[in-house]
Amino acid sequence: MANALLFLLFLMLASNTLLEIVHACNQSERSSLLSFARTLSSPQLNWTSADCCSWEGVTCSLQDSRITRLQLPSKRLEFKQGNFLSSSLGNLTHLTHLNLSHNSLYGSLDQTQLFLSSNYLQVIDLSYNLLFGVLPSSLPSTHIQMVDFSSNRLHGVIPSSLFQQAWNLTSFNVSNNTFSGPIPSSICLPSSLLRHLDFSYNDFNGSIPRGLGKCSKLQVFRAGHNYLAGSLPEDIYNATKFEEISLPLNSLNGAISEGIANLINLTTLDLSYNQLSGVLPLHLGKLSKLKYIRLDFNYLEGSLPLSLMNCTKLVELRMGSNNLGGNFSMFDFSKLSTLSKLDLRMNNFFGVLPRSLYSCKFLKAIRVSYNNLELQIQPEIASLKSLSFLSLGVNKRLTNVKEAMKILMGCKSLVVLSLASSFVGEEFPTDLGKADFDGFQNLRMLDLSSCNLTGQLPLWLSKLRKLRVLGAESK
């Protein structure tokens, strides 16, 4: 019996030893990781155990214990020297996922051998580091699905050959670098799986390339804050899966085509700060999923299409600083229950502020200054409990400044109130009742400039503890 127990114990020990041998990581790859760790100046990685598959950030294959993932984001990693990703990581030939994002890794991307040997790489995320240099001529693997080099110091032209064999690429992000030249025209392969493209915050120039319509699965296209010019290519409206088009702060011109009505899945349209002209598409309201319309600071003209009121999921409607006009009274805002920001400043709208606007209970900001509107303050505005920004100045003159201020004190969340050039020659209200208690207690900026109010500045202004900016002339 004792011999049998000893034999069983021997088998158990041998089995555990065998399991450790089977699951121990590849020793050559272990040496490569240690070589990588020695290039780091801080912090030190606690990679000391015999089995590197158990190390922090390391994942191995269950079949052959080869390293498949190295994920060390937000570890405050820094290199001792400027050489990026010593050739040791290039020895991890079975790597599928590499994530070293949100660190302080400094060095040249040109010098890495990672792109030459990682034939199985699917995800590479080196975003938010201090990397410089240019991109390679091709991606490291035909299996690559996600590439994120955003927020570094990379430069140069993106080679058109980069995408030629990227059959499985779904996301490509090089935003917030200093890339220049044109956006490659060969991004969209006939069988493209691309869903996310981000070229924003760079120095790209030229026009937006034709061919984006071939990206039949493309959902997000961002290329704002560049030097892009020309008109939007007509075939962009064939990519009907689009959920976001963000191209602000460029030099795009021409009209927005009626073809935009094909993009029925669009939730964000941001073409602000460009040079777009012409009238707005009549059927813009067919885009029922739209949440954010940002077309401010262009040269758009004509009237707002009434169909916009069918975009019942709107959160932001920004059309300021254009040449738009028409009777603002005609718009029924009662369906826009989620509207948070309305900006129509510096246009040519006339009429009155529709009472239906007060049904938008989530409104935080209203900016309709510099139009030709009749904006008598209505008591219903106090129902907008979240309203923190209100700019009504430089429209048709208002009357009864005292009553207006009393009503607006009911907007307890107001931080900015601008009524510049709204009154003329009235007396500065001295007794507003609740102002001595809880009126305007969150107000930081009050603009009553160019109103030529008479009398002295009232005492209640001194009781607004948070007030930092006051624009007023008193005679």
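Reading the values: rules and limits
- All residue numbers here refer to positions counted from 1 along the written sequence of the relevant chain.
- Per-residue local features are limited, in this predicted model, to residues with pLDDT of at least 70; the limit for side-chain atom pairs, both in listing and counting, is 80 or more; totals at the level of whole chains, interfaces and linings are taken over all residues.
- Note that the side-chain values use all heavy atoms of the structure and ignore hydrogens as well as water.
- Counting from the N terminus, the helices are the DSSP runs of H or I reaching at least four residues and the strands are the DSSP runs of E reaching at least two.
- It is over C-alpha atoms that the radius of gyration is taken, and the globule rule equals 2.2 Å times the number of residues to the power 0.38.
- Any two residues having at least one pair of non-hydrogen atoms within 4.5 Å are treated as being in contact.
- Strands are treated as partners if at least two bridges between them are detected by DSSP.
- Axis definition: a line fitted to C-alpha atoms, over the contacting stretch in the case of helices. Angles run 0 to 180 degrees between N-to-C directions.
- To pair, rings of Phe, Tyr and Trp, with the six-membered ring standing in for Trp, must have centres within 6.5 Å; the planes then decide the type, stacked if under 30 degrees apart, edge-to-face if over 60, and tilted in the middle.
- Only protein chains enter the area calculation, which uses a 1.4 Å probe; residues under 20% of their type maximum are buried, those over 50% are exposed, and those in between are partly exposed.
- The term disulfide is used for any two cysteine sulfur atoms that are within 2.5 Å.
- Contacts described as polar in this section are N or O atom pairs within 3.5 Å, which, within protein, must combine one atom able to donate a hydrogen with one able to accept it, while residues neighboring in sequence count only if both atoms come from side chains.
- Of all possible arcs, the one meant is that of the directions from the helix axis to the C-beta atoms.

A closer look at the overall build of the protein chain
And step 1. Along the backbone of the protein chain there are four helices and 32 strands.
And step 2. Its C-alpha atoms give the protein chain a radius of gyration of 30 Å, more than 25% over the compact-globule value 23 Å for 475 residues.
And step 3. Dimensions of the protein chain, computed from the C-alpha atoms along their principal axes, are close to 105 × 55 × 50 Å.
And step 4. Long-range pairs, those at least 24 residues apart, make up 60% of the contacts in the protein chain between residues at least 6 apart in sequence.

Focus on the sheet that holds strand β6 (residues 106-108)
And step 1. With respect to topology, twelve strands assemble into an open sheet ordered β6-β8-β10-β12-β14-β16-β18-β20-β22-β24-β26-β28, the strand pairing being parallel. The sheet is open, and its two borders are formed by β6 and β28 (372-374), each paired with just one other strand. Direction aside, neighbouring strands of the sheet carry axes that sit 15° apart on average.
And step 2. Across two bridges, the pairing between strand β16 (residues 227-230) and strand β18 (residues 251-254) is parallel.

What about the side chain of serine 150?
And step 1. Residue placement: serine 150 occurs in the loop between β9 (146-148) and β10 (153-157).
And step 2. With sequence-adjacent residues up to four places away left out, serine 150 is seen in contact with Ser127, Tyr128, Asn173, Val174, Ser175 and Asn177.

Brief notes about the packing of aromatic side chains
And step 1. Per the stated rule, a full pass over the model turns up twelve aromatic pairs.
And step 2. Measuring from centroid to centroid gives 5.6 Å for phenylalanine 199 and phenylalanine 204, while their planes differ by 90°, and the two rings are edge-to-face. Each of the two residues, phenylalanine 199 as well as phenylalanine 204, counts as buried.
And step 3. With a centroid separation of 5.9 Å and an interplanar angle of 55°, the aromatic rings of phenylalanine 328 and phenylalanine 349 are classed as tilted. Of this pair, phenylalanine 328 sits in the loop between β24 (323-327) and β25 (341-343) while phenylalanine 349 sits in strand β26 (residues 348-352), and the two are 21 residues apart along the sequence.

Describing unusual backbone geometry
And step 1. Here the phi dihedral of tyrosine 128 falls at roughly 55°; this positive angle occurs in a residue that is not glycine.
And step 2. Examined against the element boundaries, tyrosine 128 turns out to sit in the loop between β7 (123-125) and β8 (130-133).
And step 3. Located in the positive-phi region is phenylalanine 297, a residue other than glycine, with phi close to 60°.
And step 4. Along the polypeptide, phenylalanine 297 turns up in the loop between β21 (292-294) and β22 (299-303).
And step 5. Note on phenylalanine 297: relative accessible area 26%, which makes it partly exposed.

Some details on the state of the cysteines
Disulfide: a covalent bond formed between the sulfur atoms of two cysteine residues.
And step 1. All chains considered together, the criterion is met by three disulfides.
And step 2. In this model cysteine 25 forms its disulfide with cysteine 52; the gap between the sulfur atoms is 2.0 Å. Taking the sign of the torsion about the S-S bond as the criterion, the disulfide between cysteine 25 and cysteine 52, at about 135°, is right-handed. Residue cysteine 25 is found in the loop between α1 (2-23) and α2 (27-38), and its partner cysteine 52 is found in the loop between β1 (40-42) and β2 (58-60); the two are separated by 27 residues along the sequence. We note that cysteine 25, like cysteine 52, is buried.
And step 3. Between the sulfur atoms of cysteine 188 and its disulfide partner cysteine 215 the distance amounts to 1.6 Å. In this structure the cystine formed by cysteine 188 and cysteine 215 twists about its S-S bond by roughly -95°; its chirality is therefore left-handed. Placement of the pair is cysteine 188 in the loop between β12 (178-181) and β13 (196-198) and cysteine 215 in the loop between β14 (203-207) and β15 (220-222), with a sequence separation of 27 residues.
And step 4. Cysteines bonded in the protein chain are numbered consecutively along the chain; their disulfide partners then correspond to 1-2, 3-4, 5-6.
And step 5. No disulfide involves cysteine 451; its nearest neighbouring cysteine sulfur is the one of cysteine 411, lying 18 Å away.
And step 6. Taking relative accessible area as the criterion, cysteine 451 reaches 0% and is therefore assigned buried.

Examining the environment of asparagine 26
And step 1. If you trace the backbone, asparagine 26 turns up in the loop between α1 and α2.
And step 2. For asparagine 26, a relative accessible area of 25% gives the class partly exposed.
And step 3. Residues asparagine 26 and tyrosine 227, 201 residues apart in the sequence, show an inter-C-alpha distance of 49 Å.
And step 4. Those residues in contact with asparagine 26 that sit more than four places away from it in its chain are Ser65 and Arg66.
And step 5. Among the polar contacts listed, one links the side chain of asparagine 26 to the backbone nitrogen of glutamate 29, at a separation of 3.0 Å.

Concerning the environment of serine 88
And step 1. Relative to the helices and strands, serine 88 resides in the loop between β4 (78-79) and β5 (97-99).
And step 2. By relative accessible area, which is 4% here, serine 88 ends up buried.
And step 3. In sequence terms serine 88 and leucine 33 are 55 residues apart; their C-alpha atoms lie 6.9 Å from each other.
And step 4. The residues touching serine 88, leaving out its near neighbours within four places in the chain, are Ser32, Ser35 and Phe36.

Details of helix α4 (residues 401-408)
And step 1. Among all positions of α4, only Val401, Ala404, Met405, Ile407 and Leu408 are buried. Within α4, the buried residues cover an arc of 160° as seen down the axis, which keeps them to one side.
And step 2. Considering only its buried residues, α4 is in contact with β29 (389-391), β30 (416-418) and β31 (445-453).

Considering the pairing of β10
And step 1. Side chains Leu154 and Gly156 project from β10 onto a buried face, and the interleaved Arg153, His155 and Val157 project onto a face without burial.
And step 2. Sheet topology note: the β8/β10 ladder contains two bridges and is parallel. In the strand pairing of β10, phenylalanine 132 is matched with arginine 153.
And step 3. Bridge count between β10 and β12: three bridges; the pairing is parallel. Residue pairing for β12: histidine 155 is matched across the bridge by threonine 178.

Some words on the pairing of β18
And step 1. Pairing analysis gives two bridges linking β18 to strand β20 (residues 275-279), with the strands arranged parallel. Note on β20: the bridge partner recorded for asparagine 253 is glutamine 275.

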